[in-house]
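So the chains spell out like this:
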Amino acid sequence: MIPERFDTWLTVDRKGLFCRPGGFHIDPYGGAQRAVVTHGHSDHARPGHARVLATRETLAVMTARLGTPAEVSSQAAAYGERITIGEVAVTLIPAGHVLGSAQVLIEWKGARVVVSGDYKRSADPTCPGFELVPCHLFITEATFALPVFQHGDAGEETAKLLKSRMQFPDRAHVVGVYGLGKCQRLIVLLRDAGYDRPIYLHGALAACCALYESFGVRLGDLKPATGAKREELKGEIVLAPPSAIADRWSRRLPDPVTAFASGWMRVRARARQQGVELPLVISDHADWRELTETIAETGAEEVWVTHGREDALLHHIQMTGRKGRALALVGREDEDQ
Amino acid sequence: MKAFAALLDRLAYTPSRNDKLRLLADYFEVTPDPDRGFALAALTDGLFFRLPFRRILTDLLGPRVDPVLFDLSRDYVGDTAETIALLWPGGRAGAKPPRLSAIVEALQSAPPAEVPALLANWLDQLDATGRWALLKLMTGALRVGVSARLAKTALSEWSGVPLADIEEVWHGLRPPYGELFAWLSAKGPRPEVEGRATFRPLMLSHQIDDKELPSIEPKDFIAEWKWDGIRVQAVHQGGERRLFSRTGDDISGAFPDVVESLPEGVVLDGELLVMRDGEVAPFNALQQRLNRKTVSGALLKSHPAHIRLYDILLEGGEDLRALPLVARRARLEAWHKRNAPRRTDLSGLIDFTSVKELEILWADARETGIEGLMLKRRDSPYIAGRPKGHWYKWKRAPLVIDAVLMYAQRGSGKRSSYYSDYTFGAWRDGDAGEEELVPVGKSYFGFTDEELKELDRWVRNHTVDSFGPVRQVEPNLVFEVAFDSVHRSTRHKSGVAMRFPRINRIRWDKPAAEADRVETLAAMIVD
Ligand SMILES: [Zn+2]
Ligand SMILES: [Zn+2]
C-alpha cells in the first residue's frame, strides 16, 4: 500500500523537483543543498550545489564542463547501487541517453518512484542501455512527445551522410551535433559503418570526446578542424556545435553541405528554419512510441510529465486511464539535447 | 519508391541548382525503367491523378489517429500531408515498399472506390519519407524546387545529349519515356516525333550595349516594340493544339482561349498578353492567368488572353526556320491574312531611318505594355539559343527609388551563414503623425560577394531584434532599389508591390531620412 499521495512528499519549488523525506532535489536549478543529477547536459547538471550524487561518468562531465570547485562534496554511485539518503533509498538506473545518464529510483515506505531524466530505448553503443524499472509513479521526460516523432534507424541516417559524401566529393560535410552524447554516438555510428577516415572536430567538441575515450569508448582518428587547410577538408566530415554550422565559423570549410543530427530534423519546417541541407534524424531522446510504451511497461498508475510537449502526452495518459500531471519546471523550455 | 522518396527529400532541402542537377543525374543513372520515367514525369508535372484526395485522407485517418493528437501534431508540423506522413502508424516491420512504377500504374488504372484501400496499404509499407513522397505525388504538386526545365537539363548533362535536342522531342513523348531513356543511354534511336505538337527551342536576343547601337542600320535591321507579356510558342500539329512557355513548359491548360482558333500545321512565335478592348493590360493582369493548370470561365472573360505574333517557324508541315527573317515575316503576314485566327494580331514593324529617330519614337510611346524595343537582323535564320549578332533587345532604364533596410534574413545554401535577403521600406505618415517606415519590397540580389560580406557585418552590428532567421535592424542604411514596374497590392501593408526589385547600389553615404516616400512609389503605378 502506498502511504500517502505523492505530491505531499515530492514537491516542486523554485529549484525544481524536491524529495522531502530524502532532503534532496533532482537536477535542480541554482545552488541546492543536496542534488541528485541524472546526467551531464547543461539543463540538468547545473553549478553551485553543495552536495551532488551522480554516476562517476556524470561527475566527470560536470567537472569538465563546470569545473566543479573543491568545496563541493560529490558522491559517485554505481548503476544499481542502493544508497540511503535521509529516509529514502536512491538507486541510479541506466537511462540510455548519454554516457553516465541515469534514471533515479526513489523508494520510501513501500512507494516506488522513477524519475526518468532524459532517456531513449534505441541502441547506442556509447552508453549502457535503458533498463525498465516497475514503479507506482513514473516522472517522464517529454521532449519528443508528439506522435509525429518516430525516430527511425540511426544506421540508415548515417548511411545517408556517407552517400552524400560520395555524391559531393568536393564539398565538406559539416554536421551539427550536441557536444555531449550526439557527437560521440555519431562518430561510433560512422565507425561501425566502416568509415575510418579522420573525423574533424570543432574545438568545442574535443573535451567531451576525450572524456568518452577515457571511459573506454573508442572514437578512432579525430583531428581539429580549426587550423586544417581548406583544401584538406574537401570530402571530409566535420562535426561542430549546432550554433556553428550555419554561422561564420563554417565559412572556412570548402562549400560545405550543412547537416544536423537531431530528432527535430524529422520536421521539415524545423530543418528549413535552421538552413539545413541534409537533415539526419538521430535522437538521444525517446520518441512517441518509446514514451508511451515505457509508461505502460512501468505499470505506473500515475505519471508526471516534465519538460517538453506535455499536452499530447497528458492526453494520451488520460485516455489510457492513468492519472497525469504536468510539472512546470523552470529552465527546461524546448530543450534541444 | 525508396529511391524516389530519397531523391525528393534531398532535392527539397538542396538550394543549389548544380547540386540538384547532380542528384537528378545520379538518380537517372542508377534507377531502372520504368521507375525513372515515372519519376521524370512527376518532376515535370506530367502526372496528374483526379482523386478526391482530401476526402480519402480524412476517411483513412479517422479510425487510425486520435483527433486531439492529430490537431496538436498538425499545429506543430504546419502541413497536413507532412503530418499524416509522419504520424501514420505504419512502417510495418519487414514490409517491402512498393515500386514507384507499381504505384503510378495502379493509380492510373484502379477504380476510384479501390484507391483508399490501396493508399492505406502503401502507407503501411513505406517509411515516413516514403509516405511523404507518396502523398506529394498524389496531390500532383511536388514543390521540391525542380522545374521541368531543370529536369530536362539534368537529362542533358547526364547523357551528353544537347538540351535543345531533348526539347525538340520532349512533347512528342509520354511517360514513362522508355524510348527517351533508351536514346539518351545510347541504346536506341532518336524517338520519332515528326508531325507531333512538339516544342521548338526559341531564338533569344541579347541586351544591346551603347557601343553596338550605332551599328544598327535600317537596311540591316527591322524594329518592333518589345511587349511586356511572356514569350510563347503556339503549335497546332498532329491534331493537337499547344501553347509552350519560353522554356518549353506546356501551358495550354491555362490558355485554351488563344489556341482554340489556330488552324492545323503551324508553329508560331509571339508575346502572350491580356488584352481588353484592343489595349494591352498591365503585366499584373497576365499574372492572374499564369501558374494554373486550368482556368475558370469567369477569368477567361475578365482577363482575355491574346498573342501578338512576330515569327512563324513552320507552316503546313514546311520547316521555315532556315529562311531569312524577312521571308518568314512575309509568310507570317500572308498566313495571318488568310486565316485571321481570333485573339491574335501581328506585332507591327516600326519605320525608322536612324537610331536617333527610334529613340525619339520610343520616348514618345505612351502606350502601356511597351517594355522596350526589339532589333532583329533582316537576314537572320531562326536559330535555337542565343546566337550573337542577330537579335537585340533595348530595354527602358529601370525605375529606381531609395529605400531603407528594415529586416535581413539568412539566405539558403552557400549563403546560409549570411544575412542576404533584405526587406526594405519607404517612409509615410504614421497614425500619430510621426514618420514611419513600411516595407515595400524584398530582394536578395544585385550586390557583389564583397558587398554581401559588408552587408552581413552591418546587419550583425545593427540588429535591434531577431525572430528565428530574421533580424530587424536599425533603420539607417539606404539601398537604391531598381525595379521594372510597380503595382497596387492588397497583400502589402504599403499598398504597393514592385516587380523584379534588385539592389542597384548601397548608399552607405545617404541619411535614411532622405530615402523616398511610399507616395513616390504610388505615383509610378501604371494601371
Ligand atoms: Zn539530456
Ligand atoms: Zn533534458
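Residues numbered from 1 in each chain as written. Chains lettered and ligands numbered in written order. Predicted model: local features only at pLDDT ≥ 70, side-chain atom pairs only at ≥ 80, totals over all residues. Heavy atoms only, no water.

## Digging into the overall build of chain B
Within chain B one finds 19 helices and 20 strands. When the backbone C-alpha atoms are referred to their principal axes, chain B occupies close to 80 × 70 × 45 Å. In chain B, which comprises 527 residues, the proportion classed as buried is 52%. Surface summary for chain B: the accessible area is close to 23900 Å², and the carbon and sulfur share equals 50%. Charge-centre separation for chain B: the mean point of 73 positive side chains lies 3 Å from the mean point of 75 negative side chains. (Helix = DSSP H or I, 4+ residues; strand = E, 2+ residues; numbered from the N terminus. Buried < 20%, exposed > 50% of the residue type's maximum accessible area, 1.4 Å probe, protein only. Areas by Shrake-Rupley, 256 points an atom, 1.4 Å probe, with all protein chains shown as cover. Lys, Arg positive; Asp, Glu negative; His and termini not counted. Charge placed at Lys NZ, Arg CZ, Asp CG, Glu CD.)

## Brief notes about the interface of chain A and chain B
Listed as interface residues are 42 residues of chain A and, on the opposing side, 35 residues of chain B. Carbon and sulfur atoms supply 50% of the area buried between chain A and chain B, which totals about 3200 Å² over both sides. Looking only at chain A, the three residues that lose the most surface to chain B are Arg251(A), Arg268(A) and Glu277(A), adding up to 22% of its buried area. Our count for the contact surface shared by chain A and chain B stands at six salt bridges. Taken together, the elements giving at least two residues each to the side of chain A that touches chain B come down to α2 (154–167), β16 (257–261), α6 (268–273), β17 (278–280), α7 (288–298) and α8 (310–319) of chain A. In terms of residue count, α6(A) provides more of the side of chain A that touches chain B than any other element does, six residues in total. (Contact = heavy atoms within 4.5 Å. Buried area = accessible area lost by both parts, 1.4 Å probe. Salt bridge = Lys/Arg side-chain N within 4 Å of Asp/Glu carboxyl O.)

## A closer look at the coordination of the zinc ion (ligand 1)
All names here are of chain A. In the first shell of the zinc ion (ligand 1), the protein supplies His39 (NE2), His41 (ND1), His97 (NE2) and Asp118 (OD), at 2.1 to 2.2 Å from the metal. Considering all four donor atoms around the zinc ion (ligand 1), angles at the metal cover 89 to 168° and the coordination shape is irregular. Donor residues for the zinc ion (ligand 1), ordered by position in the chain, follow H-x1-H-x55-H-x20-D. A distance of 3.7 Å spans the gap from the zinc ion (ligand 1) to the zinc ion (ligand 2), which Asp118 bridges by coordinating each metal. (Donors = N, O, S within 2.8 Å, 3.2 Å for Na, K, Ca; no water. Tetrahedral: all angles 85-135°; square planar, octahedral: opposite > 155°, others 65-115°.)

## Description of the sheet that holds strand β5 (residues 51–54) of chain A
Residue and element names in this part refer to chain A. What the six strands build is an open sheet, ordered β1-β2-β3-β4-β5-β6; its pairing is mixed. This sheet does not close on itself; its edge strands, each paired only once, are β1 (10–13) and β6 (73–76). Adjacent strand axes in the sheet meet at a mean angle of 30° when their direction is disregarded. Looking at chain direction, β5 and β6 are connected through four bridges and run parallel. By the bridge assignment, Val52 is partnered in β6 with Ser74. Strand contacts of helix α1 (residues 56–66): β5 and β6, with the helix running at about 130° to β5, the strand carrying the most contacts. (Pairing = 2+ DSSP bridges. Axes fitted to C-alpha atoms, helices over the stretch in contact; angles between N-to-C directions.)

## Let's talk about the environment of Ile401(B)
Residues and elements named next belong to chain B. By secondary structure assignment, the location of Ile401 is in strand β12 (residues 399–410). Ile401 gets classed as buried once you look at its relative accessible area, which sits at 2%. Put simply, Ile401 and Thr520 are 119 residues apart on the chain and 8.2 Å apart in space, counted from C-alpha to C-alpha. Apart from residues no more than four positions distant in its own chain, Ile401 is found in contact with Val440, Phe479, Glu480, Val481, Phe483, Met498, Asp516, Leu521 and Met524.

## Brief notes about the domain arrangement of chain B
Residue and element names in this part refer to chain B. Splitting chain B by domain gives domain 1 (2–139), domain 2 (204–227 + 348–397), domain 3 (228–346) and domain 4 (399–522). Overall, the association of domain 2 and domain 3 removes approximately 1700 Å² of surface from exposure, summing both partners, and the carbon and sulfur fraction of that is 54%. If you sort the residues of domain 2 by the area they bury against domain 3, Trp227, Arg378 and Tyr382 come out on top, with a joint share of 39%. Linking domain 2 with domain 3 are nine residue pairs in polar contact (both at pLDDT 80 or more). Residue assignment for the side of domain 2 that touches domain 3 shows that the elements contributing at least two residues are β2 (221–227) and β10 (370–377). Here the side of domain 2 that touches domain 3 is built from residues that sort into seven nonpolar, four polar and eight charged. (Domains from an automatic or database assignment. Polar contact = N/O pair within 3.5 Å; in protein donor to acceptor, adjacent residues only side chain to side chain. Nonpolar A, V, L, I, M, F, W, Y, C, P; charged D, E, K, R; others polar.)

## Some remarks on the pairing of strand β12 (residues 173–176) of chain A
All names here are of chain A. Alternating residues of β12 divide into His173 and Val175 and Val174 and Gly176, and every residue in both groups is buried. In this structure, β12 lies alongside strand β15 (residues 237–240), joined through four bridges in parallel fashion. In the sheet register, Gly176 faces β15, and the bridge partner there is Ala240. For β12 and β16, the ladder comprises four bridges, and the chain directions are parallel. Bridging from a neighbouring strand, Val175 pairs with Ala259 of β16.

## Description of the domain arrangement of chain A
Residue and element names in this part refer to chain A. Parsing chain A into structural domains produces domain 1 (6–148 + 285–326) and domain 2 (154–280). With 20 residues of domain 1 at the interface, the matching set in domain 2 holds 13 residues. In total, about 1500 Å² of surface goes out of reach between domain 1 and domain 2, with carbon and sulfur atoms giving 73% of it. Of all residues in domain 1, Leu99, Thr126 and Phe144 bury the most surface against domain 2, accounting for 34% of the area lost on that side. Taken together, the connections running from domain 1 to domain 2 amount to one salt bridge. Note that Asp124 and Arg185 form a salt bridge whose closest N and O atoms lie 4.0 Å from each other. Here domain 1 and domain 2 share four residue pairs in polar contact (both at pLDDT 80 or more) between them.

## What about the pattern of salt bridges?
Inspection of every chain in the model, using the stated rule, returns 52 salt bridges over all chains. Taking the shortest distance from any N to any O, the salt bridge between Arg268(A) and Asp9(B) comes out at 2.8 Å. Of this pair, Arg268(A) sits in helix α6 while Asp9(B) sits in helix α1 (residues 2–13), on two different chains. Across the pair, Asp9(B) and Arg268(A) agree in class, each one buried. Residue Glu240(B) pairs with Arg174(B) through a salt bridge whose shortest N-O separation is 3.9 Å. Taken together, the positions of Glu240(B) in strand β4 (residues 240–245) and Arg174(B) in the loop between α11 (163–170) and α12 (178–184) put the pair 66 residues apart, joining distant regions of the chain.

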